[in-house]
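Here's the letter readout for the chains.
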Amino acid sequence: MTSTTLPHDSSAPVETLYQGRWLSLRKRGRWEYAERNNAGGAVIILAVTPEDKVLFVEQYRVAIQQRTIEMPAGLVGDLAEQPDESALLAAQRELEEETGYRCERVEFIHEGPSSSGMSTEMIAFVRARGLTRVGPGGGDESENIVVHEVPRAEAGQWLFARVREGYSVDPKLFAGLWFIEHA
């Protein structure tokens, strides 16, 4: 049975506790949460090469003080010259920037909250199709990304092996693998 009762403070006025360049900390009633300052949210790119290999990226994430394995991803509308960028355009840009692959087309798969109890951020899963290698990847000048091409049939086991090696692996990657197979 679904509850239709909202928390008593769900419509309280929003208070800004802190505002940085990329994130703000807000409070509504007793609820504190983070909010991205770019309106577009984020995008995760589901990319499989013509050789049937899933693209993953490895990078160090300061917030958790750990190397991570992720799917190519990025912020939507974070470039000053493209504040109204769509998730599909951001996916194409981030795919090439991070992995060195360009795609013929992208398609929207699903969108949902990254962490609904802590953030207003929405993440779109986008499938990239028709991949062609056009460069080395590695991210922009502020990033140090390592690209991994993993046979699709081995991707889940490969991710668990990275966990055993001490990497942080975002659980959303397993949703991404499901979308690759079923969406």
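Novice: I'd love a proper account of unusual backbone geometry, names of residues and values included.
Specialist: One non-glycine residue, Asp52, adopts positive backbone phi at about 65 degrees. Looking at the secondary structure, you find Asp52 in the loop between strand S4 (42-47) and strand S5 (53-61). Non-glycine residue Gln65 carries a positive phi angle of around 55 degrees. Along the chain, Gln65 turns up in the loop between S5 and strand S6 (66-70).

Novice: Outline the side chain of Arg162, supporting the account with residue identities and numerical values.
Specialist: Mapping Arg162 onto the fold places it in helix H2 (residues 155-164). You can call Arg162 buried: its relative accessible area is 13%. Only 2.7 Å separates the side chain of Arg162 from the side chain of Glu165, close enough to count as a polar contact. Excluding anything up to four places from it in sequence, Arg162 contacts Ile69, Tyr167 and Val169.

Novice: How would you sum up the packing of aromatic side chains? Please name residues and give values.
Specialist: Summed over all chains, the structure comprises 4 aromatic pairs. Consider the rings of Phe125 and Phe179, whose centres lie 5.0 Å apart with planes at 65 degrees: the pair is edge-to-face. Separated by 54 residues along the polypeptide, Phe125 in strand S9 (residues 122-133) and Phe179 in helix H3 (residues 172-182) bring together distant segments of the chain. Comparing Phe125 with Phe179 shows no difference in burial state: the two are buried. When the centroid spacing of 5.9 Å and the interplanar angle of 70 degrees are considered together, the rings of Trp178 and Phe179 count as edge-to-face. Taken together, the ring pairs connect Phe125, Trp178 and Phe179 into an aromatic cluster.

Novice: Break down the packing of H2 against H3 for me, with residues and values.
Specialist: Contact pair H2 / H3: the axes reach a minimum separation of 11 Å and the direction vectors enclose 170 degrees. Relative to H3, H2 is oriented roughly antiparallel. On H3, the residues touching Ala155, Gly156, Leu159 and Phe160 of H2 are Leu173, Phe174 and Leu177. Taken together, the residues of the contact of H2 with H3 sort by class into 6 nonpolar, 1 polar and no charged.

Novice: Describe the side chain of Glu98, with residues and values.
Specialist: Mapping Glu98 onto the fold places it in helix H1 (residues 87-99). Arg61 is the oppositely charged side chain nearest to the buried, salt-bridge-free Glu98, at an N-O distance of 5.8 Å. For Glu98, the side chain forms a polar contact with the main-chain nitrogen of Ala73, separated by 3.2 Å. With residues near it in sequence (within four places) discarded, Glu98 still touches Val57, Pro72, Ala73, Gly137, Gly138, Gly139, Glu143, Ile145 and Val147.

Cut-offs applied
- Residues numbered from 1 in each chain as written.
- Predicted model: local features only at pLDDT ≥ 70, side-chain atom pairs only at ≥ 80, totals over all residues.
- Heavy atoms only, no water.
- Helix = DSSP H or I, 4+ residues; strand = E, 2+ residues; numbered from the N terminus.
- Buried < 20%, exposed > 50% of the residue type's maximum accessible area, 1.4 Å probe, protein only.
- Polar contact = N/O pair within 3.5 Å; in protein donor to acceptor, adjacent residues only side chain to side chain.
- Contact = heavy atoms within 4.5 Å.
- Phe/Tyr/Trp six-rings, centres within 6.5 Å; stacked < 30°, edge-to-face > 60°.
- Axes fitted to C-alpha atoms, helices over the stretch in contact; angles between N-to-C directions.
- Parallel < 35°, antiparallel > 145°, perpendicular 65-115°, else oblique.
- Nonpolar A, V, L, I, M, F, W, Y, C, P; charged D, E, K, R; others polar.
- Lys, Arg positive; Asp, Glu negative; His and termini not counted.
- Salt bridge = Lys/Arg side-chain N within 4 Å of Asp/Glu carboxyl O.

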